[in-house]
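Take a look at the letters that make up each chain.
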Amino acid sequence: MNTNLKKDAANLATILKKVSEQGAEYLDGIAERPTSTTATIQKEHTLSEQGIGTLATLENFNERFEPLMVASSGPKYWGFVTGGSTPAAIAGDWLTTIYDQNTQAEKGSGDNSAQIELETIQLLLDLFDLPKDYLGGFVTGATLSNFTSLAVARQWLGKQKGYDIAKEGSIAGLKFLTATPHSSALKSMAMLGVGSNNFTKIRVLEGNREAMDTKDLEQKIIALNGEPFVLISSGGTVNTVDFDDFQAISELKKQYSFWWHIDAAFGGFAACSPIYRHLVKGWENADSITIDCHKWLNVPYESAVYFIKDQHRNLQVETFQNSNAPYLGDPLENFTYLNFLPENSRRLKALPAWFSLKAYGKKGYRDIVENNIENAKQFGDYIDKDSAFELLAQVRLNTVCFTLEGAENQEKVILFLKSLNDTGKVFMTPTVYNGKKAIRAAFVNWRTNSTDINDVTQLMKGLADKL
Ligand SMILES: *Cc1c(COP(=O)(O)O)cnc(C)c1O
């Protein structure tokens, strides 16, 4: 055996202990850790012949890379929609690496860890109060969840027109309808050969809304004259967390033939609270649903799920069957994930989610969700009251979309955001809303509390005075 490997194998307990101590120290201090950095690294692009062993490599990491680490899983990282990691999720994530299963099959292939993933999917359906007639799976993020769902939708659409797209290739004239899609849904359409421009835009409701006008949707359906289509709807738009009317869409689905996909990457967590659950009422009729786990479930990257109605199981297998590998057996008999989603070999992605769901239960997630919505309301109230800022939309759930007050200040928005982010005490991201340059703050971290909001509003007051 190679000497470095031999030494490391003998030293494994020490190595893991060191990493664990460093991890605990980092996480204990994460509230104080800067949310941005200007650190860069000196490039080292040649590989040594012998290697230096793990403990020396850890030192090298600590010198060179550790300064690049920002507190993106801390309480004041409000950029994008960035979650954190619960303690239980971290434990599950570490064990995922340690056990290093290749989660493929429910039984009969040596590694039967798919049972754990299937159980976790059931717990998630329970968390979201969704019916159990969905088949789900873990993928790396909501982008891949949208991709997986829309790939099966495309197969359905082809079948309606007499084509097996999975076998014969994509065809022209596939109809997609949507109002305010997330960029990743359009990216998925690009990857699927549908084309990211190839959709009919449904009007949004009047009155500063991003949700679709379902009357306009029905008009556009009627204009299709019975042609099947895919509807991509939003369970929480990114800028203002607006929800399409899932009850109205459910009614339309009774009358017309279409595949209904909901991108509920983070908005779906409204279902965890009885106060906000009404926002997703009717979503149980969707053919497919996207949920991100590395956002509001607060598990580490990379984790998301898709839910696809069990009745579409055959379409799923048609789309993703790894068909030239007879040694893998019948996909429907021994449940094999690689025939149900894009990836073949995959880690036991479900374990961090399983740990966190078991550790905190429904109440735990209700508390996280309601707390973050309170954070957003507190921050939104401040923005609304401070004359330096303009709130661009009511705070509907957990994000705040705002800009600087006064048209003459539009050019300063990005500069203001940069000066705020450069403090390292908070991080937010830019957007454009209704033609205005704007800033978004998203609250999706279990650690964030009202003191964090106060600290940031104090900081913003100081910076706004200097404008
Ligand atoms: C974040 C997000 C996505 C993309 O998710 P990734 O995890 O970055 O792949 C898709 N849809 C919505 C609504 C999102 O918020």
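In the block above lies the structure referred to throughout.
Residues numbered from 1 in each chain as written. Predicted model: local features only at pLDDT ≥ 70, side-chain atom pairs only at ≥ 80, totals over all residues. Heavy atoms only, no water.

1. Some thoughts on the overall build of the protein chain
Right, so step 1: A count of helical and extended segments in the protein chain gives 14 helices and eleven strands.
Right, so step 2: A compact globule built from 467 residues should have a C-alpha radius of gyration of about 23 Å, and the protein chain, at 24 Å, falls within 12% of that.
Right, so step 3: If one aligns the C-alpha atoms of the protein chain with their principal axes, the spans along those axes are about 65 × 65 × 45 Å.
Right, so step 4: Out of the 467 residues belonging to the protein chain, those deemed buried represent 51%.
Right, so step 5: For the protein chain, restricting intrachain contacts to residue pairs at least 6 apart in sequence, the fraction spanning at least 24 positions comes to 71%.
Right, so step 6: Accessible surface computed for the protein chain: about 21700 Å², of which carbon and sulfur atoms make up 51%.
Right, so step 7: Taken together, the 47 basic and 55 acidic charged side chains of the protein chain have centroids lying 1 Å from each other. (Helix = DSSP H or I, 4+ residues; strand = E, 2+ residues; numbered from the N terminus. Rg over C-alpha atoms; globule rule 2.2 N^0.38 Å. Buried < 20%, exposed > 50% of the residue type's maximum accessible area, 1.4 Å probe, protein only. Contact = heavy atoms within 4.5 Å. Areas by Shrake-Rupley, 256 points an atom, 1.4 Å probe, with all protein chains shown as cover. Lys, Arg positive; Asp, Glu negative; His and termini not counted. Charge placed at Lys NZ, Arg CZ, Asp CG, Glu CD.)

2. A look at the nonpolar core
Right, so step 1: Counting 88 residues, the largest nonpolar core has F128, L231, W283, I289, L297 and F307 as the members making the most contacts within it.
Right, so step 2: In this structure, F128 is in contact with G268, F269, A271, C272, W283, I291 and F307, ignoring residues within four places of it in sequence.
Right, so step 3: F379, V395, L417 and A464 belong to the second largest nonpolar core, which has 26 residues in total. (Core = buried A, V, L, I, M, F, W, Y, C linked by side-chain atoms within 4.5 Å.)

3. A word on the sheet that holds strand β2 (residues 176–178)
Right, so step 1: Read across the sheet, seven strands follow the order β1-β7-β6-β5-β4-β2-β3 without closing on themselves; strand pairing throughout is mixed. Among the strands making up the open sheet, the edge pair consists of β1 (134–139) and β3 (200–201).
Right, so step 2: Two elements, strand β6 (residues 288–292) and strand β7 (residues 304–309), share five bridges in a ladder whose sense is antiparallel. Counterpart to S288 in the pairing with β7 is I308. (Pairing = 2+ DSSP bridges.)

4. Notes on the site of the ligand
Right, so step 1: Inspection of the region around the ligand gives 14 residues, with T143, D263, D292, H294 and K295 positioned closest.
Right, so step 2: Within the backbone of A142, a nitrogen or oxygen atom sits 3.1 Å from an oxygen atom of the ligand.
Right, so step 3: K295 is positioned with one of its side-chain polar atoms (N or O) 2.8 Å from an oxygen atom of the ligand.
Right, so step 4: Expressed as a share of its isolated accessible area of 380 Å², the protein-covered part of the ligand is 83%.
Right, so step 5: Taken together, the residues of the shell around the ligand break down into four nonpolar, seven polar and three charged. (Near = heavy atom within 4 Å. Polar contact = N/O pair within 3.5 Å; in protein donor to acceptor, adjacent residues only side chain to side chain. Nonpolar A, V, L, I, M, F, W, Y, C, P; charged D, E, K, R; others polar.)

5. Considerations on the side chain of D244
Right, so step 1: Summarising the element assignment, D244 is placed in the loop between β4 (229–234) and α10 (246–255).
Right, so step 2: In this structure, D244 is buried with no salt-bridge partner, the nearest side chain bearing the opposite charge being R209 at 7.1 Å.
Right, so step 3: Engagement of the side chain of D244 in a polar contact is seen with the backbone nitrogen of M212, the distance being 2.8 Å.
Right, so step 4: When near neighbours in sequence (up to four residues on either side) are disregarded, D244 contacts E210, A211, M212, S233, S234 and I249. (Salt bridge = Lys/Arg side-chain N within 4 Å of Asp/Glu carboxyl O.)

6. Re unusual backbone geometry
Right, so step 1: Across the junction of Y301 and E302, the peptide omega takes the value 0°, indicating a cis bond.
Right, so step 2: For E302, the location among the structural elements is in the loop between β6 and β7.
Right, so step 3: One non-glycine residue with positive phi stands out, namely N208, at about 55°.
Right, so step 4: Tracing the backbone through its elements, the reader meets N208 in the loop between β3 and α9 (214–223).
Right, so step 5: Of note, N434 is a non-glycine position whose phi angle comes to about 50°, a positive value.
Right, so step 6: Note on placement: N434 falls in the loop between β10 (429–433) and β11 (436–442).

7. Quick notes on the sheet that holds β11
Right, so step 1: Reading across from one edge, β8-β9-β11-β10 is the order of the four strands in this open sheet, with antiparallel pairing throughout. Here the strands that pair on one side only, and so sit at the sheet edges, are β8 (389–391) and β10. Each neighbouring strand pair of the sheet contributes to a mean axis angle of 40°, computed without reference to strand direction.
Right, so step 2: Strands β8, β9 (399–404) and β11 of the sheet are contacted by helix α12 (residues 350–385), whose axis makes an angle of about 15° with β9. (Axes fitted to C-alpha atoms, helices over the stretch in contact; angles between N-to-C directions.)

8. As for the pattern of salt bridges
Right, so step 1: Applying the stated rule across the entire model yields 26 salt bridges.
Right, so step 2: D216 is the salt-bridge partner of R203, the closest N and O atoms lying 3.9 Å from each other. Note that R203 is positioned in the loop between β3 and α9 and D216 in helix α9, a separation of 13 residues in sequence.
Right, so step 3: As a salt-bridge pair, K220 and D216 come within 2.8 Å of each other at their nearest N and O atoms. With K220 and D216 both in helix α9, this residue pair falls four residues apart, about one helical turn.
Right, so step 4: Residues joined by salt bridges that share partners form a network here, namely E117, E343, R346 and K349.

9. Focus on the state of the cysteines
Right, so step 1: Throughout the structure, instances matching the rule amount to zero disulfides.
Right, so step 2: Of the cysteine sulfurs around C272, a residue in no disulfide, the closest is that of C293, at 11 Å.
Right, so step 3: Here C272 falls in the buried class, since its relative accessible area comes to 5%. (Disulfide = S-S within 2.5 Å.)

10. Re the packing of helix α2 (residues 12–28) against helix α3 (residues 54–64)
Right, so step 1: One can describe the packing of α2 onto α3 by two numbers: an axis separation of 10 Å at closest approach and a directional angle of 20°. Classed by the angle they form, the pair α2 and α3 counts as roughly parallel. Seen from above, α2 lies across α3 with right-handed handedness. Within the contact between the two elements, α2 uses I15, K18 and Q22 and α3 uses T54, L55, L58, F61 and N62.
Right, so step 2: Tallied by class, the residues present in the contact of α2 with α3 amount to four nonpolar, three polar and one charged. (Parallel < 35°, antiparallel > 145°, perpendicular 65-115°, else oblique. Left-handed = near helix turned anticlockwise from the far one by under 90°.)

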